[in-house]
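Close look at the chain arrangement
If you want the building blocks of each chain, they are given just below.
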Amino acid sequence: MATEYDFIIVGAGPAGCVLASRLSSAPSRPTVLLLEAGGTNDDLLYMSGEERYQVAFQEGSPLNWGFKTAPQMQLKGQEIDYSRGRGLGGSTAINFCGWVVGSKDDYDEWARLVDDPSFQWKNAQRHLKNVENAHLEVPEQFRDCIKPLPEDHGSSGPVDVSYGQRAWLPSMRTVLTAAEEVGQRVNPDVNSGDPIGMGIGTVCIYNGIRVTSSSSYLASRPANLTVVTDTLVDKVLLHGTIATGVRTADGREFRATREVILSCGALSTPPILLRSGIGPAEELEKHDIPMLHGLSEVGRNLQDHCMSSIGILIRRENGEPQSGQQPTPMGWFKSKGVHESQEFRDLSAHWQEFLKKPTVPNWELATHTPPHFGAGAVDIAEDELYLGASCLIMNPQSRGTVTLASADARVAPLINPAFLSHPFDRRTLIEAVRDAMAMWEAPALKRRTIRAPSWPKSGSDEDILDYVSTYIRSSWHMCGTARMGTNAQTSVVDASFRVHGLAKLRVVDLSVCPLVPNNHVQTTAYIVGEIAAEKLVGEYQLDGMGTSVA
């Protein structure tokens, strides 16, 4: 095979697959090499979302990097699962398939932080519509409250999105009623750009089949796109301050005449940069890596939505199943307890102003989650149904790191998300769980409740904090470790995804997010890929409208 290409893209997750497809499909037909450390996952293409998830989380699964965090001493020393997808499709091959857009204010804030209108909500939504093929049929019995508008969604993109193909259960309506009983509104479409309220989430599942970035963007590959799997990249090759290619862990080299683009995600892009001699001097010195380009923020600023779950056993009604992936009630809420807290007042004036914006939530609620998300296994009788409620922190203030454990590319990185290390995050999760407890004790659910096996000892701050510190998980929404910004002192890439101070090297994945969006971040990963592709096509004039940039 060839060893020289116009563009080399490392990582076949959502951003990488979008880039590979869009660049290779441009009228000038540049040569594109897409390198992926994992396999093709071809034998799993026709598994349902549930089946593939079960395979992905088996011990030693080829679909999963199987990362764990460093011991979180502030959380009783736990090493928390930090799974990431491996193989074509990246984490879209193993996630829960949640398709959540989030707050339009997030994107406007992103644009402000990086001084580029490309990231404003108006443009982000345009790109999202190019990604989506929305099938948003709602059963008649829910049309009074769930009313997505066609103009807010795409109808011809490569990623099929739906509410899922299973029945809309009576308990879904019960949850919506319980939300109203505690003063929350029912949101007719949580994916309109305003997620505030209780609604129904969508998934990237259609006709029972999970849609991944590979199945949607790489299904039909032009001859100028080469995809190579089972190829772990060690480092980027530099000639002075110009990226010229990559070297793999087994010693092969590939050259790029135009750009090297890292799309390995928030946990795997920083290690490649560090092994390339790009990063903080003190980190490189630990592993005897010569510093070729100092950038202090590489591997810093890790942000994620941590979560804790409660759950009750209720009487089964109308033959509802005890498990299975269903259309899922989901909600995003502002919390009076958070906004009236000392922890809120201690934030900077800017953060207080942002959190007061109308579409910015403090926490997310995802319902019908399994018992192992809460306090562990639960004995469920035939006439009982477990109703879980996962509470996710939005806008976390804790900041973690991704660093090297070894200069060997085959050794997993050291990952420290520092969950709940910031007092505002502790306050947010306490109030989120307290609000969820109130909803789960609303009359609509109280009448059916048998017992609460996953529940804090009381509603006090101390008991809730002890509970969440024991039963805490990641939502796998890692972002920010090569964040975008306006200068090399506070960020890693500029608004065109270019690594500060280097030519022909870009990062295009969730590591560039200056803030973790208030959503389930695969939607943002697709948007990032689409924005970057549009910028590259324009910059190199790949649309055939002029002479390419050298």
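1. Remarks on the overall build of the protein
The helix and strand inventory of the protein stands at 15 helices and 23 strands. The C-alpha extent of the protein, read off along each of the three principal axes, is 70 × 45 × 45 Å. Classification of the 550 residues of the protein by burial places 61% in the buried group. Carbon together with sulfur atoms contributes 49% to the accessible area of the protein, which is approximately 20300 Å² in total. Here the protein holds 50 positive side-chain charges and 64 negative ones, and the gap between their average locations is 1 Å.

2. Overview of the side chain of Glu-132
Structurally, the position occupied by Glu-132 is in strand 4 (residues 132-135). Of the polar contacts made by the side chain of Glu-132, one reaches the backbone nitrogen of Gly-154; its length is 3.0 Å.

3. Considerations on helix 3 (residues 104-114)
Those residues of helix 3 that fall on the buried side of the exposure criterion are Asp-105, Asp-106, Tyr-107, Glu-109, Trp-110, Ala-111 and Val-114. Of the surrounding elements, those touching the buried residues of helix 3 are helix 4 (121-131), helix 11 (349-355) and helix 15 (522-539). With a side-chain oxygen positioned 3.1 Å from the backbone nitrogen of Asp-105, the residue opening helix 3 is Ser-103. At the exit of helix 3 stands Asp-115, carrying a positive phi of roughly 60 degrees.

4. Brief notes about the packing of aromatic side chains
Considering all chains together, one arrives at 17 aromatic pairs under this definition. Seen from their ring centres, Phe-57 and Trp-476 are 5.6 Å apart, and the 45 degrees between their planes marks the pair as tilted. In this pair, Phe-57 sits in the loop between helix 2 (49-56) and strand 3 (98-99) while Trp-476 sits in the loop between strand 22 (473-474) and strand 23 (505-507), placing the two residues 419 residues apart along the sequence. Centre to centre, the rings of Trp-99 and Tyr-526 are 5.5 Å apart; their planes meet at 55 degrees, and the pair counts as tilted. Of the two residues, Trp-99 sits in strand 3 while Tyr-526 sits in helix 15, which places them 427 residues apart along the sequence.

5. Structural notes on the packing of helix 12 (residues 423-440) against helix 14 (residues 461-470)
Where helix 12 meets helix 14, the axes come as close as 9 Å, and the angle between the chain directions of the two elements is 100 degrees. As summarised for this structure, helix 12 and helix 14 are arranged roughly perpendicular, according to the angle between their axes. Contacts from Arg-426, Arg-427, Leu-429, Ile-430, Val-433, Arg-434 and Met-437 in helix 12 reach Asp-461, Ile-464, Leu-465 and Val-468 in helix 14. Within the contact of helix 12 with helix 14, the residues separate by chemical class into seven nonpolar, no polar and four charged.

6. Points about the pattern of salt bridges
This structure, assessed with the given rule, holds 29 salt bridges. Taking the shortest distance from any N to any O, the salt bridge between Asp-116 and Lys-535 comes out at 2.9 Å. Separated by 419 residues along the polypeptide, Asp-116 in the loop between helix 3 and helix 4 and Lys-535 in helix 15 bring together distant segments of the chain. Assessed through its relative accessible area of 11%, Asp-116 is described here as buried. Across the pair Arg-506 and Glu-539 runs a salt bridge, and its minimum N-O distance is 2.6 Å. Of this pair, Arg-506 sits in strand 23 while Glu-539 sits in helix 15, and the two are 33 residues apart along the sequence.

7. As for the confidence of the model for the protein
Put simply, the protein has an average pLDDT of 95, and 96% of its residues get 70 or more. When pLDDT is averaged over each element of the protein, strand 23 comes out on top at 99 and helix 2 at the bottom at 68.

8. What about the packing of helix 4 against helix 15?
A pair of packed helices is characterised by two quantities: the angle between their axes and the separation of those axes. The N-to-C vectors of helix 4 and helix 15 enclose an angle of 100 degrees; their axes lie 9 Å apart at closest approach. With respect to helix 15, the axis of helix 4 lies roughly perpendicular. Taken together, the residues of helix 15 that come into contact with helix 4 (itself represented by Asn-123, Ala-124, Arg-126, His-127, Leu-128 and Val-131) are Thr-523, Tyr-526, Ile-527, Glu-530, Ile-531 and Glu-534. For the contact of helix 4 with helix 15, a count of residues per class yields six nonpolar, three polar and three charged.

9. Focus on the side chain of His-477
Of note, His-477 is situated in the loop between strand 22 and strand 23. At 3.1 Å, the side chain of His-477 and the side chain of Ser-475 are in polar contact. In contact with His-477, not counting residues within four places along its chain, are Gln-303, Asp-304, His-305, Leu-392, Val-516, Asn-519, His-520 and Val-521.

10. Looking at the pairing of strand 12 (residues 253-262)
Most of strand 12 is tucked away: seven of the 10 residues are buried. Pairing of strand 1 (residues 4-10) with strand 12 involves six bridges; the strand directions are parallel. If you follow Phe-7 over to strand 12, its bridge partner there is Glu-259. Pairing of strand 11 (residues 242-248) with strand 12, which is carried by three bridges, proceeds in the antiparallel orientation.

11. Re the nonpolar core
Counting 96 residues, the largest nonpolar core has Leu-23, Trp-110 and Leu-505 as its most contacted members. Per-element accounting of this core gives the leading share, nine residues, to helix 15. Setting aside chain neighbours within four positions, we find Trp-110 in contact with Phe-119, Met-484, Val-512, Cys-513, Pro-514, Leu-515, Thr-524 and Val-528. Ranked by size, the runner-up nonpolar core spans 57 residues in total, among them Tyr-82, Trp-363, Met-437 and Trp-476.

12. Some details on the environment of Pro-329
You can see Pro-329 is positioned in strand 16 (residues 328-333). Judged by its relative accessible area of 0%, Pro-329 is buried. Residues Pro-329 and Ile-450, 121 residues apart in the sequence, show an inter-C-alpha distance of 21 Å. Residues in contact with Pro-329, not counting those within four places in the same chain, are Met-172, Val-175, Met-198, Gly-199, Ile-200, Leu-365, Ala-366, Thr-367 and His-368.

13. Description of helix 5 (residues 170-181)
With 12 residues, helix 5 should reach 16 Å at 1.5 Å per residue; the first-to-last C-alpha distance of 17 Å fits that figure. Here helix 5 has its buried residues at Ser-171, Met-172, Thr-174, Val-175, Leu-176, Ala-178 and Ala-179. Close packing links the buried residues of helix 5 with strand 6 (197-203), strand 16, strand 17 (363-369), strand 18 (384-393), helix 12 and helix 13 (443-446). Two residues or fewer past helix 5, Gly-183 is found with a positive phi of approximately 95 degrees.

14. Some details on unusual backbone geometry
Phi is positive for Lys-76, close to 65 degrees, though the residue is something other than glycine. Structurally, Lys-76 can be placed in the loop between helix 2 and strand 3. Even without being a glycine, Asn-395 presents a positive backbone phi close to 50 degrees. Mapping Asn-395 onto the fold places it in the loop between strand 18 and strand 19 (401-403).

Procedures and definitions
- Residues numbered from 1 in each chain as written.
- Predicted model: local features only at pLDDT ≥ 70, side-chain atom pairs only at ≥ 80, totals over all residues.
- Heavy atoms only, no water.
- Helix = DSSP H or I, 4+ residues; strand = E, 2+ residues; numbered from the N terminus.
- Buried < 20%, exposed > 50% of the residue type's maximum accessible area, 1.4 Å probe, protein only.
- Areas by Shrake-Rupley, 256 points an atom, 1.4 Å probe, with all protein chains shown as cover.
- Lys, Arg positive; Asp, Glu negative; His and termini not counted.
- Charge placed at Lys NZ, Arg CZ, Asp CG, Glu CD.
- Polar contact = N/O pair within 3.5 Å; in protein donor to acceptor, adjacent residues only side chain to side chain.
- Contact = heavy atoms within 4.5 Å.
- Phe/Tyr/Trp six-rings, centres within 6.5 Å; stacked < 30°, edge-to-face > 60°.
- Axes fitted to C-alpha atoms, helices over the stretch in contact; angles between N-to-C directions.
- Parallel < 35°, antiparallel > 145°, perpendicular 65-115°, else oblique.
- Nonpolar A, V, L, I, M, F, W, Y, C, P; charged D, E, K, R; others polar.
- Salt bridge = Lys/Arg side-chain N within 4 Å of Asp/Glu carboxyl O.
- pLDDT = per-residue confidence, 0-100.
- Pairing = 2+ DSSP bridges.
- Core = buried A, V, L, I, M, F, W, Y, C linked by side-chain atoms within 4.5 Å.
- Expected span 1.5 Å × (residues − 1).

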